[in-house]
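Descriptive structure summary
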Amino acid sequence: MSDLTCPSCGHANQGLLGFCSSCGASLVGDATGETPAIDVEGTDLTGIDVSEFGRHQGLFVVVQGAKTGARYALDEDLVTMGRHPKSTIFFDDITVSRRHAEIRRDGARYWVVDAGSLNGTYVNRQRVDERELSDGDEVQIGKYRLVFVHGTGAA
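Described below are features of the structure shown in this document.

About the cut-offs
- Residues numbered from 1 in each chain as written.
- Predicted model: local features only at pLDDT ≥ 70, side-chain atom pairs only at ≥ 80, totals over all residues.
- Heavy atoms only, no water.
- Salt bridge = Lys/Arg side-chain N within 4 Å of Asp/Glu carboxyl O.
- Buried < 20%, exposed > 50% of the residue type's maximum accessible area, 1.4 Å probe, protein only.
- Core = buried A, V, L, I, M, F, W, Y, C linked by side-chain atoms within 4.5 Å.
- Helix = DSSP H or I, 4+ residues; strand = E, 2+ residues; numbered from the N terminus.
- Contact = heavy atoms within 4.5 Å.
- Phe/Tyr/Trp six-rings, centres within 6.5 Å; stacked < 30°, edge-to-face > 60°.
- Polar contact = N/O pair within 3.5 Å; in protein donor to acceptor, adjacent residues only side chain to side chain.
- Pairing = 2+ DSSP bridges.

Overview of the pattern of salt bridges
Tallied over the entire structure, the rule returns six salt bridges. Its salt-bridge partner being R104, residue E102 comes within 2.7 Å of it at the nearest N-O pair. Residue class for R104 comes out partly exposed when judged on its relative accessible area of 37%. Linking R145 and E138 is a salt bridge whose minimum nitrogen-to-oxygen distance equals 3.5 Å. Its relative accessible area of 3% is what places R145 among the buried residues.

Here it is in structure tokens:
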């Protein structure tokens, strides 16, 4: 068996895994053998009128994974993410831990906090234990990538 190097994080994966054991990225690329990067700036967020929701409201838009296009309002002070069926945001995939991460809201600020996941939580492709989110940040949970959108409308 040969090692497959992850195109996202550079981790050497042994065997025939379809996903990186470090970051959860797909190891199955296109015909050229490369996995296309996600261009957060070019992500089509058409139809999301941020003036339609409050200044301090947050939203996730899934840009990669089985739920591409799904939107999740971050309208609670604590939002759980994981493979556990009672998670606020449920991702039914082996690359996601049962209790993977949390989104904590403190006034107008949002924080992503890793909940001790096996594959880690990433913000803008950097593994984090805890990080404040800014508009346009990309969060990776297993093989799912989500873009954080922060409201700018009236309170």
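Structure's up, so let's keep going.
A short note on the nonpolar core
One recurring pattern in soluble globular proteins is that nonpolar side chains are buried together. Counting residues in hydrophobic clusters, the biggest one holds 21 residues, and the most contacted among them are F60, F91, I103 and L133. Those elements that provide at least two residues to this core are β3 (58-64), β4 (71-74), β5 (78-82), β7 (101-106), β8 (109-114), β12 (138-141) and β13 (144-150). Counting residues per element, this core draws most heavily on β13, which supplies three residues. When near neighbours in sequence (up to four residues on either side) are disregarded, L133 contacts F60, I103, Y110, V112, V123, V139 and F148.

Things to note about the environment of A101
With respect to the helices and strands, A101 occurs in strand β7. Along the chain, A101 and S117 lie 16 residues apart, while their C-alpha atoms are 7.2 Å from each other. Setting aside chain neighbours within four positions, we find A101 in contact with V79, T80, M81, V112, V113, D114, A115, T121 and I141.

What to know about the packing of aromatic side chains
On inspection of all chains with the given rule, the structure shows four aromatic pairs. Here Y72 and F91 contribute two aromatic rings whose centre-to-centre distance is 6.3 Å and whose plane-to-plane angle is 80°, an arrangement assigned as edge-to-face. Here Y72, found in strand β4, pairs with F91, found in the loop between β6 (89-90) and β7; they are 19 residues apart in sequence, far enough to count as distant.

Quick word on the side chain of D137
Here D137 lies in the loop between β11 (130-132) and β12. Side-chain polar atoms of D137 contact the backbone nitrogen of S134, separated by 2.8 Å. Ignoring anything within four residues of it in the chain, the contact list for D137 reads V123, N124, E132, L146, V147 and F148.

As for the sheet that holds β8
Read from one edge of the open sheet, five strands run β6-β5-β7-β8-β11, paired in mixed fashion. Edge positions in the sheet fall to β6 and β11, since each has one partner strand and no second. Pairing analysis gives four bridges linking β5 to β7, with the strands arranged antiparallel. Within β7, the residue paired with M81 across the bridge is A101.

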